[in-house]
Amino acid sequence: MRLSCYYFIVKLPLVMLAVPAIPGLETGPRSISAVRVLRISITDRCNFRCVYCMPEEGTRWLPKENLLTFEEIVDVARAAIEIHGIRRFKITGGEPTVRRGLVELVARLRRIPGIEDLSLTTNGLLLESLARPLKEAGLDRVTVSIDSLQPDRFLRITRTGDLRTVLRGLDRAEDAGLYPLKINCVTMRGINDDDLPDFARLTFGRRITVRFIEYMPLGDAALLDAPRNSIDPSERGPAGGCGAQDRGADSLLSEADARTRIEENLGPLLPVDRDTEAGVGPANVYRLALGNPVGRIGFISAMSAPFCATCNRLRLTAEGVLRSCLFEGGEVDVRSILRSAHLGSKQTALANAMAECVRLKPEVHSRHGNQQMSRIGG
Ligand code: SAM
């Protein structure tokens, strides 16, 4: 379901005057007041072709004119802060570092009063030269996605990536003070499960949080995992299944199994109190009992233990669609608002669009998604 411009500028204000709030609809994660984080995708393009995310070739990119401009992104962020009090923003993609002017965008967002946490998620390939300028422009922290610490395997998973360059980027991010530094690793059975102890070992010497993310069937992979006919053909992701996508649900390595892999090698994991850790997001956080690790180990278990009841995020795609959930299609088009509303009514229309989008969140997601992550902004 996608709501558009006419609804927010003309219809919704009238409806809101006439109808009292419907009890139950505006509580819990479906209330805009629960939203703490806006994830902003700035491109659908990427310089990697991870086997679980994109086909090797043949992806149809969004036309440039469909991408939100930096001015439009800042308008959305401003409405989120000023009207809804959202103070945490994550820049994502595709691969955000491939969009020209990223440093400038960070500086513009930083200048909006009220942002408490401005972060970036990246595959790290271009981070070596960008880490310091991004920090100087006002970025607070960075998450680097790395799925293997073995160069050959890393290349096989990313199809184009060079692990050494990415690790140098991680070092430069640490030098630049982009803290807390996180690594995201998608766990895939039979593909990188034996890498997990090596990732966990990083926490002995580095103040890094390594987060293991359960592989989610999104885009074409969803077709294999979903009950027959449960995805409308018009909602399917871009064509071209690949690698882990072809494996469907077999690729899932649950949090429980991932923890076992680590504990068999490095001894017990001790739970860490979420309230004492900054920026843990939806992760369950642990530390190794062995030695005196300075880093943390997190698990994001959207498949084996969905956390929809505490979901506090909203997503903005690169083409200006607000998306209520990574899996489900509840969407609101804000590009049409940005490009047609008068200056005076724009902020209110954007703010209403956000509130309406949050109401479209599912109670619990359906375990399959109609769009690949690079399209939505992971
Ligand atoms: N390119 C940036 C990066 O690598 O962090 C940002 C976008 S990327 C889509 C965000 C994260 O989503 C990455 O950590 C990636 O590994 C993860 N991801 C993509 N597809 C996924 C899937 N099907 N299941 C789980 N994680 C996925």
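Here's what I pulled together on the structure shown here. Since this is a predicted model, take the numbers as computed values, not measurements.

**Let's talk about the site of the ligand**
The environment of the ligand is formed by 17 residues, the closest being Tyr52, Glu95, Thr121, Ser145 and Met216. Here asparagine 123 contributes a backbone N or O atom positioned 3.5 Å from an oxygen atom of the ligand. In this structure, an oxygen atom belonging to the ligand sits 2.7 Å away from a side-chain N or O atom of serine 145. Burial of the ligand by the protein chains amounts to 95% of its free accessible area of 550 Å². Looking at the shell around the ligand residue by residue, the class counts come to 6 nonpolar, 9 polar and 2 charged.

**With respect to unusual backbone geometry**
Following tyrosine 179, the chain continues to proline 180 via a peptide bond in cis, the omega torsion being -10 degrees. The residue proline 180 is located in the loop between helix H6 (163-176) and strand S6 (181-187) in this model. The backbone phi angle of arginine 159 is positive, close to 70 degrees, even though this residue is not glycine. Note on arginine 159: relative accessible area 22%, which makes it partly exposed.

**Let's talk about the packing of aromatic side chains**
In this structure the tally under the stated criterion is 4 aromatic pairs. Ring centres of phenylalanine 48 and phenylalanine 154 lie 5.9 Å apart, and the angle between their planes is 80 degrees; this geometry places the pair in the edge-to-face category. On the criterion of sequence distance, the pair formed by phenylalanine 48 in the loop between strand S2 (37-41) and helix H2 (70-84) and phenylalanine 154 in helix H5 (residues 151-158) is long-range, its members being 106 residues apart. Geometrically, the ring pair formed by phenylalanine 199 and phenylalanine 212 is edge-to-face, given 6.2 Å between the ring centres and 85 degrees between the ring planes. Within this pair, whereas phenylalanine 199 is found in helix H7 (residues 196-205), its partner phenylalanine 212 is found in strand S7 (residues 208-214), the two being separated by 13 residues in sequence. Taking the relative accessible area as the measure of exposure, phenylalanine 199 reaches 0% and is therefore buried. Its relative accessible area of 2% is what places phenylalanine 212 among the buried residues. Clustering of aromatic rings is evident, with ring pairs tying together Phe199, Phe212, Tyr286 and Phe299. Stacked on the ring of tyrosine 179, the Lys or Arg arginine 207 has its end atom at 4.2 Å from the ring centre.

**Details of the pattern of salt bridges**
Applying the stated rule across the entire model yields 21 salt bridges. Put simply, aspartate 257 and arginine 189 hold a salt bridge, and the shortest N to O gap is 2.7 Å. Of this pair, aspartate 257 sits in helix H10 (residues 255-266) while arginine 189 is found in the loop between S6 and H7, placing the two residues 68 residues apart along the sequence. In this structure, the salt-bridge partner of arginine 201 is aspartate 198, at a minimum N-O distance of 2.6 Å. A residue pair is termed a helical-turn pair when its members lie 3 or 4 positions apart in one helix, as arginine 201 and aspartate 198 do in helix H7 at 3 residues. A single network of salt bridges, built from pairs that share partners, joins Glu71, Glu104 and Arg108.

**Describing the environment of alanine 355**
With respect to the element layout, alanine 355 can be found in helix H12 (residues 343-359). Judged by its relative accessible area of 14%, alanine 355 falls in the buried class. When near neighbours in sequence (up to four residues on either side) are disregarded, alanine 355 contacts Ile32 and His84.

**Quick look at the packing of H2 against H12**
One way to put it is that H2 packs onto H12 with a least axis distance of 9 Å and a crossing angle of 75 degrees. In terms of orientation, H2 and H12 fall into the roughly perpendicular class. Across from Asp75, Val76, Arg78, Ala79, Ala80, Glu82, Ile83 and His84 in H2, the residues of H12 making contact are Lys346, Gln347, Thr348, Leu350, Ala351, Met354 and Ala355. Along the lines of polarity and charge, the residues of the contact of H2 with H12 split into 8 nonpolar, 3 polar and 4 charged.

**Some details on the packing of H2 against helix H3 (residues 102-110)**
Taken N-terminus to C-terminus, the directions of H2 and H3 make an angle of 30 degrees; their axes are 10 Å apart at the nearest point. Of the possible angle classes, the one that applies to H2 and H3 is roughly parallel. Judged by the sense of rotation from one axis to the other, the crossing of H2 with H3 is right-handed. In this structure, H2 uses Phe70, Glu71, Ile73, Val74 and Ala77 to contact H3, whose residues at the interface are Leu102, Leu105, Arg108 and Leu109.

Parameters at a glance
Residues numbered from 1 in each chain as written. Predicted model: local features only at pLDDT ≥ 70, side-chain atom pairs only at ≥ 80, totals over all residues. Heavy atoms only, no water. Near = heavy atom within 4 Å. Polar contact = N/O pair within 3.5 Å; in protein donor to acceptor, adjacent residues only side chain to side chain. Areas by Shrake-Rupley, 256 points an atom, 1.4 Å probe, with all protein chains shown as cover. Nonpolar A, V, L, I, M, F, W, Y, C, P; charged D, E, K, R; others polar. Helix = DSSP H or I, 4+ residues; strand = E, 2+ residues; numbered from the N terminus. Buried < 20%, exposed > 50% of the residue type's maximum accessible area, 1.4 Å probe, protein only. Phe/Tyr/Trp six-rings, centres within 6.5 Å; stacked < 30°, edge-to-face > 60°. Lys NZ or Arg CZ within 6 Å of the ring centre and 35° of its normal. Salt bridge = Lys/Arg side-chain N within 4 Å of Asp/Glu carboxyl O. Contact = heavy atoms within 4.5 Å. Axes fitted to C-alpha atoms, helices over the stretch in contact; angles between N-to-C directions. Parallel < 35°, antiparallel > 145°, perpendicular 65-115°, else oblique. Left-handed = near helix turned anticlockwise from the far one by under 90°.

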